[in-house]
Each structure stands twice: as structure tokens, then as C-alpha cells.
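These are the residues of each chain, in order.
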Amino acid sequence: MRRSWNPIISVVATLVVGAGCAVFGFLVGVTVGAEPGQPGDTARPAAGEALPSLGAADRSQRTDEQTARANAAANSTSTAEPARSRGAAGGPAKPPVDARAPVVVDTAAIAAILGKRVGADVSAERLAQAESRARSIRENSLRTADSAESAAAWQVASEIEKERAFTADAARGGTLDMLRKLDASPVRAFDLVGSRSRFDERFVRHAQGSVTDGSAPLVPPNTVRPPLTDGAIVRFPGGLHTWRASSLGRDGEFPKDVVFEGAGMDLTMVRLEGFRPSAAVDVLTFRDLTIDCGGSALIDARTEPVVLLLERCRVIGFDGDEMLSVAKGAFHAIDSRFEAGWEAPPGHGTLFDVSSVLARFDRCTFAGPFKSVFDDERGATYVFADCRFESMARGFAKVAAAPPECARFERCTVTEIETDDSSHAFDVTSLFPILFAEPPASTVVSGVGGGVVPTDVLALTVVFPAGAHKLGLSIARFQGDLVITGQGRDTTLVRVDSSLNARRVFWRDVAIDGEGSDPCPSRTAYISFERCRFVAYDTGSGGSTAVDFRSDGAVRLVDCRFDAGYGRSPTHGTALSVSRAPTRADRCVFAMQGGVAVDGSSNVVLADCTISGIDATRAAWLRSEKSGVVLLRTSIEVAPPDATRGLKPRPLSEINASWGDGRR
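This is a predicted model, so every value here is computed, not measured.

Q: So what's going on with the nonpolar core? Residues and values would help.
A: Membership of the largest hydrophobic core comes to 57 residues, with the highest contact counts inside it found for Phe286, Phe331, Phe338, Phe352, Phe361 and Tyr382. Tallying contributions element by element places strand 11 (residues 350-362) first for this core, with six residues. Those residues within four positions of phenylalanine 331 in sequence are excluded, and the remaining contacts are Phe199, Phe203, Leu308, Leu310, Met323, Leu324, Phe338, Phe352, Leu358, Ala359, Arg360 and Phe361. Of all hydrophobic cores here, the second largest spans 53 residues; its members include Ala525, Tyr537, Val547 and Val629.

The following block contains the structure:
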């Protein structure tokens, strides 16, 4: 009996074992061997999991976005195709998916879009090929998206490794040697410039030298100062100073390490002239002062590299050129200001014209608008950290939010002007403590009579009594601070009979007879008019100008009057013509009698002023953004038509009986 059951048992056992193997094989296929996008796909590691060294989180669980893509692939009605293989971690980065492309969902959607775009005149064979091609593109897009995280991480990691390798190799020969190699480097050195502590190491002083007084007596034109030694400190007290740097760097002997130091950016102003080193500069430091570039670049070095450090500085006057014009340089600015509109209308200033530069700004303010704040060259790297950008042109906020490859903006704020016009005037009031501070102890002389004034004094005060007088002193060669003062604008009348060449001119408590010479110097100067009256300047058939200053410098007027009608052509006078000098008038009266209050100037601020006697066309121009004139609480009264027709000159005796008739 036992033998007769053996064949039956054998058959049953075979059936049981076979069924078990089939079930086991099915389970294994579901949980282990499933292709991506099919049930069981969650057991496969996501792309990018092999990057623990980059700080990547464990990606064994899919994100919602990845799950959605997987479900879309699983529900597709396309024909069977080879399973998608994930992009290998560390493989080359794929181009991004065009965000403007239509979202492809399934074959029906593909066919509908193709039918709508190409029409019904396409053959069935060509349409089938197009559908197959569209499905292939869809699959490639999904594959690229799945590997985007790892590809991006590997690409960025590779960039950092290249930056560190370049910095380590190039810096072995020092900062200057590293700058010389920037042009040949394919990397942006953010690993260095982005680190405040590491970048600071490039600006450590190399030498300690003697201290030189930068306020030494004025150097005559075409005279150079003694050369500076390595490590020298040029120290300027409060006030206005000029430094001619043409002797520095002559014959390749530029000092290795020089510091220019003031008493504070609101107390010391230095006008630099001729900073064009022909040799490499290890470290050039400016601190605690305002730098007036005088219409040129702060540094112009087109051959050898320079290293420049600014600490608590204001930089102005570069609008006509660039602030930094170098072939190779390292630049670091800390707690500094860069202000547009001093030399040229705002919107024309350029901070950099470089071939290669490493530049970092910490807690700096940029008062624009500027033409540009960085120059995107191959070897340029810029970092702006905790900076403020004020009065920038429209669109700059977008640039700061999504900067080009050369720049990074970290915790910066941006405010933009509301219009595209560049008439945002420079606020000259911010420099009044420097430009128009009381001169030092002056040599006082009487303005009555003639005589020769000594030219070796730094400040000269000329005092006039009541009455009408001529400034006939021989002061054409005087280059210091000149103060001309009287007993009041209704009491003392002064006519200038010689040209002025002073650095600063202060007119106080006088009436200025415009039939004489110009009360403004013809070269760089800073001119202040306080409690003055301008008369008899409207002379000649073409008219004349009361304040005609077309050189570099600045002009301010406080509590002054422009009274037209006392010259030979009473309807043809112009009060202000200051095309290059920032100008501010506070509490001034412009009684123009048909003349012009401000001509086609720029950078003029009229605050709490009154303008009358101009025609409607000139009034509309003054109020327009194109004028370059900023009106603050200033009223304009338009003259009635024909109000000035047949106007005759008025005698100056209307103001003071001793002044005559004004037609001398």
C-alpha cells in the first residue's frame, strides 16, 4: 500500500513546490525588480543620494513633486519603451526644461497639440513619427528633471573646488601674483572674495613708515612733492585739501604701502590729481575722508596690478570717467559711500572699468543713479554685503535679485527712482562742513585803495565799508581762501576789476556789481555767497550772467537776491549758469524781469526760494525733470504777457543813493 501512494505524493509535491516558486517570483518582481515609475519604485534610492559629502539629506523617500512625476509616467498610455534610467550622480548637468513649452500629459494630448499646430495636411506616417518624437522628448525631460538636484550639486561643488585650487595655487606668490593670473583663470573667485576674513588678509600692510602732514602749504602748479617712502602715512586734518600725486610712481618707484588718512569723511576732503601708478602697488589705503576724484578715475593703472582699501570714505567726482580704471586689481571698501552726480549729471557714473578685479563691499552706500556698478569681465568677481543702493535706475532691483555670474548681493537693500530721467541732483549740503567751513586765521586787509597782497598766506579777508567800491587789489595769483565782506547787501557795493584765482571764495554781506569781472574764479573752486545781492549783471545785447561758473567745484547761496533790471539790457539777464558744479541755493529770491533764473545746468537745488518774472516756457522747463533742477518748496511766478516790453534800466540809486545810476 505504501508504494502505491508514492507516485501520487510525488505529483502533488511537485505541484505545490511549483506554485510556491511562482508566487515567490511574482513577489520578488513586484518589490525588487520593478522599473522606475512602476509600483515598488519607492524602494530605489533617488538621484543625488550619493552626495553625503555635500551635506545632502537622505533622499530615500520621494518628494511630492517626484511622486507626481512618477505617477504621471505610470499612467501614460504610450507604447512600451525601454525603462528610464536615472541620471548618474555627478554626471554632466543637462540643459533646463524650457518653461515656455506646453505641458505634455499623454499621447492624446500630444496628438491634439500636433494636430492643432501642423494641421490636417500632414500624412499619417509623418504624424506617427512626430508623436513618437514628442514622447521621446517628454521622457528625456522627465529624466533630466529627476537628475537635476544631483547634477546641480555636483556642478556647484566642482566650481568651488576649482576656485579653491586657483586661490591656493595663484596666492603662493602673493596677492599681486594672484591678480596677474586672473585673466587666464576660468573661475570666479567667490570662495575668496565671499569670505570677509580671508579677503582681509590680502590688504594687510607690508611696512610701517613716517607720518607726513598732508596740509602743508599749497604746492604751486607744476611742482611735485617729495617722494614718499614705503609704509608712509599722509595725514590730513579737517578741511579742504589738494594732493597732486603725479610724482608717485614716477620711474616705477611707487611706494609699496601708503595710507591717506583724514579726520572723518564729513570733516576732511582731499582732491586727488594724477593717481596713475606705473608700477605695482602692494596696498594703497584711504580712510576717514572724502575723496574728490576731480572728474577722473580714483586710480588709473593700465599695466601693473594694484591693491586698494577704503575704510569709512566718501568717493565723489568720478562721474566723468570711472571710479577705478585698472587692468588688474583687488578692491575692498568698508563703511564707505559712493555718490553720483558731482562731476556729471547722475546716471553717467561708472564704478569699474577693469580687465580683472576682485572687489568686495561691506556696509557701503551707493547713491545713484549709476550707469553701472560692476564690469562683467572674465576675471571679475564682486560681492556686495549688507549694502544700500539708493536712487538707482529702474530695473536695478531685478539685477540685484538675479545678478550675473560675476556678482553676488548679500542682504542688500535697493530703492529706485521713479523715472528714467537722470536729473537726480547731488546733495551738496552733505559736504558743507568740509567745503564751506570757516577759513583758518586770516590776514585782514582793507578793500579801499590798491596794493599788492602777499601770496604766501593761506587765508585773506578783504573788508569794505559802506558805499560803492572796486576790488582792485592785485590778487590774481592768490590761491588760498579769499573772504570778501561788507556792511550789508543794501549798504556796500563791490565791483570786481581783477580776475580771481583763489581756491575758496566767500562773499558776505555785499551787493555785487555785475558790470565788473566775474565774481567766480575761472578754475576749480568752492564759492559761497551769503546775504548778497546781484545787480547790473544784465548787460549787453545778448545778456549776461550773475554767477557764471563752468569749472569743477561747488557753489552755495544762502539768503541772496538776484535783482534784474539794473543793467543795460534789463530783460536779458541770467542768474545761474553752473553746468559742472553742484549748486544749492537756500532762501534766495530771483526777480528776473523776463530773464533766466537757471540756464541749461545740472545738479542745481533750489530750496525755499522764490522765482518771479520769467515766462511760461522757462517756468515749464524749470519744473520738468529734464532741467536738472530740483525744486524744494520753491514757488514760481510767471510774468504776464508783454509785462517786460519796453523795460528801461533802473538806477542803482533806488537801492542806495551813493551807488549811482548803474550805467557807468
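Q: Please give an account of the packing of aromatic side chains that cites residues and values.
A: On inspection of all chains with the given rule, the structure shows 28 aromatic pairs. When the ring of phenylalanine 432 is compared with that of phenylalanine 436, the centres are 5.3 Å apart and the planes differ by 75 degrees; the resulting orientation is edge-to-face. Phenylalanine 436 shares its class with phenylalanine 432; the two are buried. Here the aromatic rings of phenylalanine 529 and phenylalanine 534 are separated by 5.1 Å at their centres, their planes lie at 65 degrees, and the arrangement is edge-to-face. Side by side, phenylalanine 529 and phenylalanine 534 carry an identical accessibility label, which is buried.

Q: Outline the pairing of strand 9 (residues 322-334), supporting the account with residue identities and numerical values.
A: Burial analysis of strand 9 places 13 of its 13 residues in the buried class, which makes it a mostly covered element. By the bridge criterion, three bridges tie strand 7 (residues 299-301) to strand 9 in an arrangement that is parallel. Across the sheet, aspartate 300 pairs through a bridge with serine 325, a residue of strand 9. Across six bridges, strand 8 (residues 306-316) lies against strand 9 in parallel orientation. Directly across from leucine 309, in strand 9, lies its bridge partner histidine 332. Pairing of strand 9 with strand 11, which is carried by 11 bridges, proceeds in the parallel orientation. Opposite lysine 328, over in strand 11, you have serine 356 as the bridge partner.

Q: Now, about the confidence of the model for the protein: what can you tell me, with residues and values included?
A: The predicted structure's coordinates, where accompanied by low pLDDT, should not be read in detail. For the protein, the average pLDDT comes to 76, and 73% of its residues sit at 70 or higher. Across residues 1-17 the pLDDT falls below 50, and counting only partners more than four positions away or on other chains, this stretch makes zero contacts in the model. Counted against residues more than four places away or in other chains, residues 19-105, with its pLDDT under 50, gives 83 contacts.

Q: How would you explain the sheet that holds strand 24 (residues 525-530) if you had to name every residue and give the values?
A: Overall, parallel pairing links the nine strands, which are arranged 17-18-20-22-24-27-30-33-35 in an open sheet. Pairing within the sheet leaves two strands with one partner each, and these edge strands are strand 17 (443-446) and strand 35 (629-632). Strand-to-strand twist in this sheet, taken as the mean axis angle between neighbours without regard to direction, amounts to 10 degrees. With four bridges joining them, strand 27 (residues 553-558) and strand 30 (residues 583-586) adopt parallel strand pairing. Pairing of arginine 556 across the sheet is with arginine 584, part of strand 30.

Q: Describe unusual backbone geometry, listing the residues and the values that go with them.
A: Residue proline 369 is reached from glycine 368 by a cis peptide bond, and omega for that bond is 5 degrees. Looking at the secondary structure, you find proline 369 in the loop between strand 12 (365-367) and strand 13 (379-385). For aspartate 288, which is not glycine, the phi torsion reads 60 degrees and is therefore positive. Looking at the secondary structure, you find aspartate 288 in strand 6 (residues 281-292). Take aspartate 288: its relative accessible area is 17%, and that puts it in the buried class. Here the phi dihedral of arginine 411 falls at roughly 55 degrees; this positive angle occurs in a residue that is not glycine.

The rules behind the values
Residues numbered from 1 in each chain as written. Predicted model: local features only at pLDDT ≥ 70, side-chain atom pairs only at ≥ 80, totals over all residues. Heavy atoms only, no water. Core = buried A, V, L, I, M, F, W, Y, C linked by side-chain atoms within 4.5 Å. Buried < 20%, exposed > 50% of the residue type's maximum accessible area, 1.4 Å probe, protein only. Helix = DSSP H or I, 4+ residues; strand = E, 2+ residues; numbered from the N terminus. Contact = heavy atoms within 4.5 Å. Phe/Tyr/Trp six-rings, centres within 6.5 Å; stacked < 30°, edge-to-face > 60°. Pairing = 2+ DSSP bridges. pLDDT = per-residue confidence, 0-100. Axes fitted to C-alpha atoms, helices over the stretch in contact; angles between N-to-C directions.

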